[in-house]
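# Geometric and topological summary
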Protein chains: 2
Amino acid sequence: MARFLVLLEGPWATLIVRELLHGPHRFTELREALPRISPHTLTSRLRRFEAHGLVVRTAYPEIPPRVEYRLTPLGERLGPVLQAMSDWATSIPDPVRGR
Amino acid sequence: MARFLVLLEGPWATLIVRELLHGPHRFTELREALPRISPHTLTSRLRRFEAHGLVVRTAYPEIPPRVEYRLTPLGERLGPVLQAMSDWATSIPDPVRGR
DNA sequence: CGGCATCCGCTAAGATACTG
DNA sequence: CAGTATCTTAGCGGATGCCG
């Protein structure tokens with residue numbers, strides 16, 4: 001539980017994982033799939049996911065360079081969790097404005 | 001989904017909801033159930049939950065004062081989400097140290 | 001008992017510019 | 001293409017002290 005909270009800190013983390021659940025993505029593909037994310041942020045999150053064994057990074061030494069990010073089995077097991085979040089979010093009858 | 005992310009920002013938010021899933025709690029009861037949380041943080045999270053309709057706050061004008069926090073039906077529907085998180089967290093075979 | 005006020009550190013994230 | 005570097009902002013959370 002604590003691990004989950006640390007790993008998926010910040011609004012972008014879960015969105016990135018969600019995107020990767022659709023299959024492996026290149027850096028640019030992720031940027032396109034996640035409007036408004038900065039390369040800085042994207043890199044930062046991906047590096048953490050890598051360090052925690054959620055994602056594997058594969059660099060192909062080509063010209064131009066190509067890098068692929070793919071979920072590990074551990075990362076893929078996050079699917080149900082994100083689905084539960086999504087279910088909850090879309091079940092809200094009357095969005096309460098707050099703050 | 002976005003709503004979920006905003007609401008449950010920070011490591012304490014989910015833990016507080018989790019505690020309230022066990023039933024209504026007084027302020028002090030929450031503090032005891034959540035070791036190390038500061039009153040500042042607890043108040044801050046509870047106020048946000050209130051503003052977003054996740055929690056209702058009931059103050060009893062007694063001496064000494066008593067305040068009860070109770071999940072709304074919306075808040076209670078978070079149960080499955082937190083369960084999914086917990087399931088994932090406890091399913092980790094070999095915790096990877098990182099960062 | 002149940003807070004609020006204030007200050008402060010840490011980190012997620014944005015903006016911008018540049019590189020192998 | 002896939003980043004890195006630097007600077008800045010904003011919000012969570014801890015610490016301390018006071019109050020009705």
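Chain A has the name Putative HxlR family transcriptional regulator in an unreviewed UniProt entry, where Kitasatospora setae is given as its organism.

As a further point, take the interface of chain B and chain A. Residue-level contacts link 35 residues of chain B with 34 residues of chain A. In total, about 3000 Å² of surface goes out of reach between chain B and chain A, with carbon and sulfur atoms giving 69% of it. Area buried by chain B at its contact with chain A is led by Met 1, Arg 3 and Trp 88 of chain B, which between them contribute 27% of it. Here chain B is connected to chain A by two residue pairs in polar contact (both at pLDDT 80 or more). Secondary-structure elements contributing two or more residues to the side of chain B that touches chain A are α1 (2-7), α2 (11-20), α4 (39-51) and α6 (79-90) of chain B. Among the elements that make up the side of chain B that touches chain A, the one with the highest residue count is α6 of chain B (eight residues). Counted by class, the side of chain B that touches chain A contains 21 nonpolar, seven polar and seven charged residues.

A few words now on the environment of Leu 7 of chain B. With respect to the helices and strands, Leu 7 of chain B occurs in helix α1. Each C-alpha atom, one on Leu 7 of chain B and one on Arg 48 of chain B, is 7.5 Å from the other, the two residues being 41 residues apart in sequence. Apart from residues no more than four positions distant in its own chain, Leu 7 of chain B is found in contact with Trp 88 of chain A together with Ala 13, Arg 48, Phe 49, His 52 and Leu 54 of chain B.

A word on the relation of the copies chain B and chain A. Note on the copies: chain B fits chain A at an RMSD of 0.1 Å, the axial shift is 0.1 Å, and the rotation between them is 180 degrees. Taken together, the rotation and translation describe the operation of a two-fold axis. Ranked by how close their C-alpha atoms come to the rotation axis, the residues of chain B are headed by Val 81 of chain B, at 3.2 Å.

The rules behind these values
Residues numbered from 1 in each chain as written. Chains lettered and ligands numbered in written order. Predicted model: local features only at pLDDT ≥ 70, side-chain atom pairs only at ≥ 80, totals over all residues. Heavy atoms only, no water. Contact = heavy atoms within 4.5 Å. Buried area = accessible area lost by both parts, 1.4 Å probe. Polar contact = N/O pair within 3.5 Å; in protein donor to acceptor, adjacent residues only side chain to side chain. Helix = DSSP H or I, 4+ residues; strand = E, 2+ residues; numbered from the N terminus. Nonpolar A, V, L, I, M, F, W, Y, C, P; charged D, E, K, R; others polar. Least-squares fit on C-alpha atoms with pLDDT ≥ 70 in both.

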